[in-house]
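Structural overview
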Amino acid sequence: MTILRWLFRGVVALAVLILALFLGARLHDGPLGPIPGGALASGEWVDPASPDWSFAKDVAEIELQLESQSTSRTTWILVRDAQAWIPCSLSYPPGKTWYQHVASDGRAVLRIDGKRYAVTLSQDADATLPDFARAEVTRKYGNPPPGDAGVIFFRLEPRPRRI
């Protein structure tokens, strides 16, 4: 009986620690790896004069916050010919909903290497993107994420930042 009691206490303690980690992440400046975090509050603002995203071609992960939300997340960025896209797998990881909010308000903030960029995300249905993305994801990350429910591509367009 005492083994079950200790096991129960251990499971409860682990659950409390995980809950504290997720709640604490919401207070953090940005995501903690795959765990969504708070608003992107720090970092120098960069107002690009032209939409040349070539500098981010080899950046593995960036931080993204929709202006309509108070949380941020880690995501990938794909760059081709100085244009950038945020790919969003519809099946991995399960449970994500941020992409659904982009249709009503695509204003977002990106943080790349500690610098913030005000952008507008817009869904891009360019038929060449899936083949490009497959090759680029393999180059940058090794393998695409599991699942085959499809991918939405959001094109990045610089915009004046909100003051």
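Read on for an overview of the structure. Treat the numbers as computed from the prediction; the structure is a model and nothing was measured.

1. A closer look at the pattern of salt bridges
Enumeration over the complete set of coordinates arrives at 11 salt bridges. For R139, the salt bridge identified is with D58, shortest N-O distance 3.0 Å. Here R139 is found in helix α3 (residues 129–141), whereas its partner D58 is found in the loop between β1 (44–46) and β2 (61–66), with 81 residues between them in sequence. For R139, a relative accessible area of 43% gives the class partly exposed. A residue is classified by how much of its surface remains accessible, and D58, at 59% relative accessible area, is exposed. D105 is the partner of R107 in a salt bridge, and the nearest nitrogen-oxygen pair spans 2.9 Å.

2. Topic: the nonpolar core
Note that soluble globular proteins tend to have their nonpolar side chains buried in a common cluster. One finds W53, I77, W98, L110, L121, F154 and L156 to be the most contacted residues of the largest nonpolar core, which totals 23 residues. For this core, the secondary-structure elements that each account for two or more residues are β2, β5 (83–89), α2 (98–102), β6 (107–112), β7 (115–123) and β8 (151–158). Aside from chain neighbours lying at most four places away, what touches W98 is L64, L66, Q69, R73, I86, C88, L121 and F154. L78, L129, F132 and V137 belong to the second largest nonpolar core, which has seven residues in total.

3. Comments concerning the pairing of β5
Side-chain positions along a regular strand alternate between the two faces of the sheet. Among the seven residues in β5, seven count as buried, and that is most of the element. As paired strands, strand β4 (residues 78–80) and β5 are joined by three bridges and run antiparallel to one another. Note that in β5 the partner of V79 across the bridge is A84. Pairing geometry for β5 and β8, over five bridges, is antiparallel. Across the sheet, I86 pairs through a bridge with F154, a residue of β8.

4. With respect to the packing of aromatic side chains
Per the counting criterion, the structure on display carries six aromatic pairs. Centre to centre, the rings of W53 and F55 are 6.0 Å apart; their planes meet at 35°, and the pair counts as tilted. Ring-pair connections join several aromatic residues into one group, and the members of that group are W53, F55 and Y117. Over the ring of F132 we find R80, and its NZ or CZ is 4.8 Å from the ring centre.

5. Here's the deal with the environment of L129
In this structure, L129 sits in helix α3. Residue classification places L129 among the buried positions, given a relative accessible area of 0%. Through-space distance from the C-alpha of L129 to that of F153 is 7.7 Å; in sequence the pair is 24 residues apart. Those residues in contact with L129, other than ones at most four positions away along the chain, are R80, W85, D124 and F153.

6. Things to note about the environment of W45
As for its position among the elements, W45 is in strand β1. Along the chain, W45 and K115 lie 70 residues apart, while their C-alpha atoms are 6.0 Å from each other. The contact partners of W45, leaving out residues within four places of it in the chain, are V109, R116, Y117, A118 and R161.

7. Overview of α3
The terminal C-alpha atoms of α3, which comprises 13 residues, lie 17 Å apart, in line with the 18 Å expected from a rise of 1.5 Å per residue. Taken residue by residue, α3 has L129, F132, A133, E136, V137 and K140 as its buried positions. When α3 is viewed along its axis, its buried side chains cluster within an angular range of 125° and face the same direction. Relative to its buried face, α3 has exposed residues pointing more than 90 degrees away, namely D131 and A135. Buried positions along α3 lie against β3 (73–76), β4, β5 and β8. At the exit of α3 stands G142, carrying a positive phi of roughly 95°.

What counts and how
- Residues numbered from 1 in each chain as written.
- Predicted model: local features only at pLDDT ≥ 70, side-chain atom pairs only at ≥ 80, totals over all residues.
- Heavy atoms only, no water.
- Salt bridge = Lys/Arg side-chain N within 4 Å of Asp/Glu carboxyl O.
- Helix = DSSP H or I, 4+ residues; strand = E, 2+ residues; numbered from the N terminus.
- Buried < 20%, exposed > 50% of the residue type's maximum accessible area, 1.4 Å probe, protein only.
- Core = buried A, V, L, I, M, F, W, Y, C linked by side-chain atoms within 4.5 Å.
- Contact = heavy atoms within 4.5 Å.
- Pairing = 2+ DSSP bridges.
- Phe/Tyr/Trp six-rings, centres within 6.5 Å; stacked < 30°, edge-to-face > 60°.
- Lys NZ or Arg CZ within 6 Å of the ring centre and 35° of its normal.
- Expected span 1.5 Å × (residues − 1).
- Arc of directions from axis to C-beta.

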